Amino acid sequence: MHDEVDRLVEAWRTERPDLDVSPLLVLSRVSRLARHLDRARRAVFAEQDLESWEFDVLTALRRAGAPYELSPGRLLRATLVTSGTMTNRIDRLTAAGLVERHPDPADKRGVLVRLTDAGRTRVDAAFAALLEREHAFLDALGPADRETLGGLLRTLLVPFDTDQE
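Residues numbered from 1 in each chain as written. Predicted model: local features only at pLDDT ≥ 70, side-chain atom pairs only at ≥ 80, totals over all residues. Heavy atoms only, no water.

Going by the annotation in an unreviewed UniProt entry, the name recorded for the protein is MarR family transcriptional regulator, with Actinomadura logoneensis given as the source organism.

What follows is the structure, given as structure tokens:
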């Protein structure tokens, strides 16, 4: 079994035998898989009438647990966007009836963003559809291989995720 990465690595080994192109065997596959996954995710979100950014904000609220609310600052950290971008996103989600702003009882000047019932219904449906599509991506791997791959990818990602905290 050969894929496009095997072909490009072979070509580079012919053209540049002086270079060790072995990182391409892993990282080009990760990059290509990420592009395929991004397309699949966008398709799922479109089917659920959501944009990727809407899904990000709504899932951050959903993961927070009942009453499904977070401060805008916590949403910023969860979604890695600027405060101006987050304000715009909250405004748009509020206008769509997917979230509501409520006064923060712990901070008289603050607000909390809360998922509405409509927002919860929409994000739950989108998340279920996304998982169905993502399970299909992994069909070629058994449970043990999925666990192994997940652990190997964690090892590669931890230094980057630690830098973000």
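Q: Sorry, what's going on with the domain arrangement of the protein here?
A: By a frequent convention, interface size equals the accessible area lost on bringing the separate parts together. Each domain of the protein was delimited in the assignment, giving domain 1 (1-48) and domain 2 (51-130). The interface of domain 1 with domain 2 comprises five residues on the first partner and seven residues on the second. Carbon and sulfur atoms supply 69% of the area buried between domain 1 and domain 2, which totals about 620 Å² over both sides. Three residues, Val 44, Phe 45 and Gln 48, lead the burial of domain 1 against domain 2; their summed loss comes to 83% of the area buried on that side. Counting the contacts that link domain 1 with domain 2 gives zero salt bridges. On the surface where domain 1 and domain 2 come into contact, there are zero residue pairs in polar contact (both at pLDDT 80 or more). Across the side of domain 1 that touches domain 2, the residue classes break down as two nonpolar, one polar and two charged. (Domains from an automatic or database assignment. Contact = heavy atoms within 4.5 Å. Buried area = accessible area lost by both parts, 1.4 Å probe. Salt bridge = Lys/Arg side-chain N within 4 Å of Asp/Glu carboxyl O. Polar contact = N/O pair within 3.5 Å; in protein donor to acceptor, adjacent residues only side chain to side chain. Nonpolar A, V, L, I, M, F, W, Y, C, P; charged D, E, K, R; others polar.)

Q: I'm lost on the nonpolar core in this one. Help?
A: Considering soluble globular proteins, one finds that nonpolar side chains tend to be buried as a cluster. Ranked by internal contacts, the top residues of the largest apolar core, which has 23 residues, are Leu 50, Phe 55, Leu 58, Leu 61, Leu 75 and Leu 93. Those elements giving two or more residues to this core turn out to be helix H2 (23-47), helix H3 (52-63), helix H5 (83-95), strand S3 (107-115) and helix H6 (117-137). Among all residues touching Leu 75, those that are not within four sequence positions of it are Val 57, Ala 60, Leu 61, Leu 70, Met 86, Ile 90 and Val 113. (Core = buried A, V, L, I, M, F, W, Y, C linked by side-chain atoms within 4.5 Å. Buried < 20%, exposed > 50% of the residue type's maximum accessible area, 1.4 Å probe, protein only. Helix = DSSP H or I, 4+ residues; strand = E, 2+ residues; numbered from the N terminus.)

Q: Is there a simple way to think about the UniProt feature "domain: HTH marR-type" (unreviewed entry) in the protein in this case?
A: UniProt feature "domain: HTH marR-type" (unreviewed entry): in the numbering of this structure it lies at residues 23-158. The span residues 23-158 shows a helical share of 70% and a strand share of 12%, and its end C-alpha atoms are spaced 18 Å apart. (UniProt positions renumbered as here; feature names shortened; annotations may be inferred.)

Q: What should I look at first to understand the sheet that holds strand S2 (residues 99-104) in this one?
A: In a beta sheet, neighbouring strands are held together by backbone hydrogen bonds and run either parallel or antiparallel to one another. What the three strands build is an open sheet, ordered S1-S3-S2; its pairing is antiparallel. Each having just a single partner strand, strand S1 (69-70) and S2 make up the two edges of the open sheet. With two bridges connecting them, S1 and S3 associate as antiparallel partners. Opposite Glu 69, over in S3, you have Arg 114 as the bridge partner. (Pairing = 2+ DSSP bridges.)

Q: I'm lost on the pairing of S2 in this one. Help?
A: In this structure, S2 lies alongside S3, joined through six bridges in antiparallel fashion. Directly across from Pro 103, in S3, lies its bridge partner Val 111. Linking two consecutive strands that pair antiparallel, namely S2 and S3, is a turn of two residues.

Q: I keep staring at a nonpolar patch on the surface and nothing clicks. Help me out?
A: A cluster of nonpolar side chains, namely Val 26, Leu 27, Val 30, Leu 149, Leu 153 and Leu 156, defines an oily patch on the protein surface of about 480 Å² accessible area. Secondary-structure elements contributing two or more residues to the nonpolar patch are H2 and helix H7 (143-164). Locating Leu 153 in the fold gives a position in helix H7. (Patch = residues over 30% accessible without salt bridge, like charges linked within 9 Å, V, L, I, M, F, W, Y side chains within 5 Å. Areas by Shrake-Rupley, 256 points an atom, 1.4 Å probe, with all protein chains shown as cover.)

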